[in-house]
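Architecture and fold: a report
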Amino acid sequence: MTASAPDGDQPIPADTPPDTPPDTTTNTTTDTTTNTTTNTTTNTTTNTTTNTLARLTAAKAVANTALRWIPPFLPTLERAFGVSTTQLTTVLGVGEAAGLSTIFVGRHLDRGRERLVMISGLSAISISSIIALGGSIWTFAIAFVLLILGVANFTVAGHVWISHRIDYRWRARSIGLFETSWAIALLIGGPIIAVLINLFGWRGPFVFLAAACALAAIGIAVSLPVHVPASSTVTAAPAAAPSPRRLTRKAWLVVIGSATMAPAGLSIFVISGTWLDDAFGVSTGGLGLIVMGFGGVELVASTGTAAFADRLGKLRSTLAGLVVLLVGLGIMLAAGDRLWIGVAGLLVLLLGFEYGFVTSLSLVSEAMPEARGTTLATSNAVGTLTRGSGTILSGLLYGAWGIGGSAALSAGAAIIATSCFLLSRRID
């Protein structure tokens, strides 16, 4: 038998003494269990994401090494293929067009197919290294197209993977850590490449990278969790809302700003080895040491993005990087025949470029949150055009006017990038 309960309450057992306090043991236990389960699940998810990010960064370091060793050691390849700097930079510039392929994977990435794109990208890099062993400018050109195809798609897939999981407030930290692979490629990969060239000739790096990228692809296939965007914890558009096909004006300005920032740095990097050789007579071994220094500076810049960009502000950090880049250009132009000043200028330029560019990727990832994959893929495609044209123009300008011609191109790109970022903040 039960006693009457107040309106809206459950009936109270008749044998319960009036002064007995409510039994909170069950509620307390339930709450404690729920909190413990939630915390455990959160910690497990965080650890899984962190471990996966570490594996992705390692794989990207291998992929970046395959791409980044070429410009500093351009004189070695010139001698191997019997071609000029202008011919090789033209091949590099035209090959950048392969990065346009990311336009076609944007929607696949929005559907959670990052793993497939990453495995395909690493496989393409491995095949490209094998083709390059042919030993002519034509086989190198084919290999470089495949190389860009692989690196571009792997990179975009990695950025989308991070953007689907990491809140925008802390996203610069994760992207900054992921992009330390860009620096590691020079800091660790550069000296390895120099040793391989000295021991086995110009073919040594290609053999090494073919095997390394194949192993990285296997590692990603075995260990990377499959992701479904619908389960993402990052704020996104409602599931019922269709994904827009066109970028907004604000998104386009951010995309163009980041894309034009790329040639501001890379148009100098691509001729850096030739400039150091022509102006200062730096040997292959010397280039290996200098490239290691490049990697060290870029590692500082990438970790700086991870540590400070979220707190200082992503736009402010990007603009600061562009200013430092321009300062580096000024130092390079003032070097004359003094090697240490020339190298110092390059280091300052790379510091500013790496810090600003990596931070700009976070701006791109949130320029249009309802279509991150499409926005990042479009950004890479536009960047492909600016990098490719910048590489070709830098080679031509360097051949005609030396480092001053390439520096003018770099400065112009930096000014355009700054203007686009500032204008994007005027559009709601």
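This structure is a prediction, so every number in the text was calculated from the model and none was measured.

Our next topic: the overall build of the chain. Summing up its helical and strand segments, the chain has 17 helices and two strands in all. Looking at the chain residue by residue over its 428 residues, the buried ones come to 52%. Expressed as a percentage of contacts within the chain between residues at least 6 apart in sequence, the contacts between residues at least 24 apart total 84%. Surface accessibility of the chain: about 19,000 Å² in total, with carbon and sulfur atoms responsible for 66%.

With that settled, consider the confidence of the model for the chain. Per-residue confidence for the chain gives a mean pLDDT of 84, with 83% of residues at or over 70. Predicted confidence for residues 28-42 stays below pLDDT 50, and this span has zero contacts to residues more than four positions away or in other chains. For residues 229-243, every residue scores under 50 in pLDDT, and the model assigns this stretch 21 contacts once sequence neighbours within four places are set aside.

If charged atoms from side chains of opposite charge come close, those side chains can pair. This model, assessed by the stated rule, comprises eight salt bridges. Between aspartate 167 and arginine 169 there is a salt bridge, with its nearest N and O atoms 3.0 Å apart. On the basis of relative accessible area, aspartate 167 is assigned to the partly exposed category, the value being 28%. With a relative accessible area of 54%, arginine 169 lands in the exposed category.

Before going further, it helps to examine the packing of aromatic side chains. Think of a pair of aromatic rings as described by two things: how far the centres are apart, and how the planes are tilted against each other in angle. This structure, assessed with the given rule, holds nine aromatic pairs. Ring geometry for tryptophan 69 and phenylalanine 206: centres 5.2 Å apart, planes at 70°, overall edge-to-face. Taken as a pair, tryptophan 69 in the loop between helix H1 (25-68) and helix H2 (74-81) and phenylalanine 206 in helix H10 (residues 203-223) lie far apart in primary sequence, 137 residues in all. Taking relative accessible area as the criterion, tryptophan 69 reaches 2% and is therefore assigned buried.

The next thing to look at is the side chain of arginine 165. Mapped onto the secondary structure, arginine 165 falls in the loop between helix H6 (137-163) and helix H7 (168-178). Within the structure, arginine 165 has its side chain in polar contact with the backbone oxygen of tryptophan 161 (distance 3.0 Å).

This paragraph deals with the nonpolar core. One finds Trp69, Ile70, Leu122, Phe140, Trp275, Leu276 and Phe421 to be the most contacted residues of the largest nonpolar core, which totals 102 residues. Top contributing element to this core by residue count: H6, with 13 residues. Those residues in contact with tryptophan 275, other than ones at most four positions away along the chain, are Phe280, Met332, Gly342, Leu346, Tyr398 and Ile403.

Our next topic: the side chain of threonine 260. Position of threonine 260 among the secondary structure elements: in helix H11 (residues 249-269). A polar side-chain atom of threonine 260 sits 2.8 Å from the main-chain carbonyl oxygen of isoleucine 256. Once you skip the residues sitting within four places of it in the chain, threonine 260 turns out to touch Thr386, Ala413, Ile416 and Ala417.

Criteria and cut-off values
Residues numbered from 1 in each chain as written. Predicted model: local features only at pLDDT ≥ 70, side-chain atom pairs only at ≥ 80, totals over all residues. Heavy atoms only, no water. Helix = DSSP H or I, 4+ residues; strand = E, 2+ residues; numbered from the N terminus. Buried < 20%, exposed > 50% of the residue type's maximum accessible area, 1.4 Å probe, protein only. Contact = heavy atoms within 4.5 Å. Areas by Shrake-Rupley, 256 points an atom, 1.4 Å probe, with all protein chains shown as cover. pLDDT = per-residue confidence, 0-100. Salt bridge = Lys/Arg side-chain N within 4 Å of Asp/Glu carboxyl O. Phe/Tyr/Trp six-rings, centres within 6.5 Å; stacked < 30°, edge-to-face > 60°. Polar contact = N/O pair within 3.5 Å; in protein donor to acceptor, adjacent residues only side chain to side chain. Core = buried A, V, L, I, M, F, W, Y, C linked by side-chain atoms within 4.5 Å.

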